[in-house]
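Residue-level structural notes
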Amino acid sequence: MAPTKRKEFSHDLREVVIKRYLNGDSERDIARDLLISRNTVHYMIAKYKSTKCIGNLIGRGRKRKTTAHVDRVIQRKIKTNRRKSAMAVKIELQTELNITVSESTISRRAHEIGLYGRVARKKPLVMVWRTLKEEYNSTCIVPTVKHGGGNVKCWGCFSASGVGNLVFIDGNMTGEMYRTILDNNLLQSVEKLKMDNEWTFQHDNDPKHRAAIVNNWLNRNGIERLEWPSFSPDLKPIEHLWDEIERRMKKEQPKNEKELKESLTRVWKEVEKKVLKKLVDSVPNRLNEVIRMKGGPTRY
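Residues numbered from 1 in each chain as written. Predicted model: local features only at pLDDT ≥ 70, side-chain atom pairs only at ≥ 80, totals over all residues. Heavy atoms only, no water.

Attention now goes to the layout of surface pockets. One number sums up the size of the second largest pocket: a volume of about 530 Å³. Forming the boundary of the second largest pocket are 21 residues, of which Lys84, Glu92, Glu96, Arg247 and Lys278 lie nearest the centre. For the lining of the second largest pocket, the elements supplying multiple residues, two or more each, are helix H4 (68-80), helix H5 (86-97), helix H9 (237-249) and helix H11 (273-281). The class makeup of the residues in the lining of the second largest pocket is four nonpolar, five polar and twelve charged. In terms of domain composition, the lining of the second largest pocket takes at least three residues from each of domain 2 (68-112) and domain 3 (153-293). (1 Å grid on protein atoms, 1.4 Å probe; cavity = no way out; pocket = protein on both sides within 12 Å on 5 of 7 lines; lining within 4 Å. Points joined across faces, edges and corners; volume = space filled by probe spheres on them. Helix = DSSP H or I, 4+ residues; strand = E, 2+ residues; numbered from the N terminus. Nonpolar A, V, L, I, M, F, W, Y, C, P; charged D, E, K, R; others polar. Domains from an automatic or database assignment.)

See below:
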């Protein structure tokens, strides 16, 4: 049986008890006059004898799980990418520093510098870390790539060995458009990257990706897909690649849509293989963490 935690009494009461004890009063008399139990008086006196301190002992309570250095790493990761979830930071700490902390700990470290999870402006259900005064800070809103009144949407693929094709999309994406993009670019990218036959394709659970016309094309070409849960963008390495592209695009100054596409294409092709390999190598850890959180067996 776990020991019963004793109630901490007020400093004033403990001070009176110890003064009476130092004046030579008995435990019985002190308990009677102060209307507390004799055991309580005995405990206060015994604690004073062992610590020579009337107040609470310094250092009581649960020990801090992170060092000052790890705190700074956590806070820097969140400041750098306000859309990064506590789960993503946790996995990165495990992968990069072999440090295991909980999502709650990561949230507390963010709170310590005034950052709280809030819904980002412009698009619902996207969480960012921000202070109460940063609601419309440029780092805390969902960005859209706009120059000269235009914007672009694109599709791309990559592996640990390099980036594949980058395709710009006109209009709203449909299942048929997505099938055409895959037909014209996926296998061509696989061939360009000199990948063998043992590769797995990962895309998310968007309705257009699960359309019958798309599944039929994937099945017909014998393409193995990685199954994964809905609403889990942190598991998609391509999302983290887009974040990297976005950071690099901040240095560009395109004046119109044509220059924007040219800049994106150049930045896409310049992504180093070590960056891509790191993203691909992180997938097993991300999947194992989800399996562990769901109570399933972890695989290595």
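Once that is clear, we can look at helix H3 (residues 38-51). Between its first and last C-alpha, H3 extends 20 Å over 14 residues, near the 20 Å set by a 1.5 Å rise per residue. The set of residues buried in H3 consists of Thr40, Val41, Met44, Ile45, Lys47 and Tyr48. Along H3, the residues classed as buried sweep out an arc of 160° about the axis, all on the same side. Residues of H3 that are exposed and angled more than 90 degrees away from the buried face: Asn39 and Ser50. Considering only its buried residues, H3 is in contact with helix H1 (11-22) and helix H2 (27-34). Lys52 sits one or two positions beyond H3 and adopts a positive phi of about 55°. (Expected span 1.5 Å × (residues − 1). Buried < 20%, exposed > 50% of the residue type's maximum accessible area, 1.4 Å probe, protein only. Arc of directions from axis to C-beta. Contact = heavy atoms within 4.5 Å.)

Here H5 spans 16 Å end to end across twelve residues, near enough to the 16 Å set by a 1.5 Å rise per residue. Every buried residue belonging to H5 is among Ala86, Met87, Ala88, Val89, Lys90, Ile91, Glu92 and Leu93, and all of these are buried. Downstream of H5 by one or two residues, Asn98 has phi in the positive range, about 55°.

Side-chain pairing between opposite charges can occur once the charged atoms of the two side chains come close. Summed over the entire model, instances satisfying the criterion amount to 23 salt bridges. For Glu96, the salt bridge goes to Lys77, with nearest N and O atoms at 3.0 Å. Taken together, the positions of Glu96 in helix H5 and Lys77 in helix H4 put the pair 19 residues apart, joining distant regions of the chain. Taking the relative accessible area as the measure of exposure, Glu96 reaches 36% and is therefore partly exposed. (Salt bridge = Lys/Arg side-chain N within 4 Å of Asp/Glu carboxyl O.)

Contact pair helix H7 (residues 175-192) / helix H8 (residues 212-220): the axes reach a minimum separation of 8 Å and the direction vectors enclose 25°. Compared by their axis directions, H7 and H8 come out roughly parallel. Mapping the contact onto sequence places Gly175, Glu176, Tyr178, Arg179, Leu182, Asp183, Leu186 and Leu187 in H7 and Ile213, Val214, Trp217 and Leu218 in H8. (Axes fitted to C-alpha atoms, helices over the stretch in contact; angles between N-to-C directions. Parallel < 35°, antiparallel > 145°, perpendicular 65-115°, else oblique.)

Before going further, it helps to spend a moment on empty space enclosed by the protein. Summed over all chains, the structure comprises two cavities of 30 Å³ or more. If you add up the space inside the largest cavity, you get close to 50 Å³. As for the largest cavity, its lining consists of Arg14, Ile18, Met44, Lys47, Tyr48, Cys53 and Ile54. At the level of secondary structure, the elements contributing two or more residues to the lining of the largest cavity comprise H1 and H3. Broken down by element, the lining of the largest cavity gets its largest block of residues, three residues, from H3. A class-by-class count of the residues in the lining of the largest cavity yields five nonpolar, no polar and two charged.

Next up on the list: the environment of Asn197. Within the secondary structure, Asn197 is located in the loop between H7 and H8. Of the residues examined, Asn197 reaches a relative accessible area of 77% and is grouped as exposed. Placed 26 residues apart in sequence, Asn197 and Ile223 show a C-alpha to C-alpha distance of 9.4 Å.

To continue, consider unusual backbone geometry. With phi around 60°, Leu35 is a residue other than glycine that occupies positive phi space. With respect to the helices and strands, the residue Leu35 is situated in the loop between H2 and H3. Residue class for Leu35 comes out exposed when judged on its relative accessible area of 78%.

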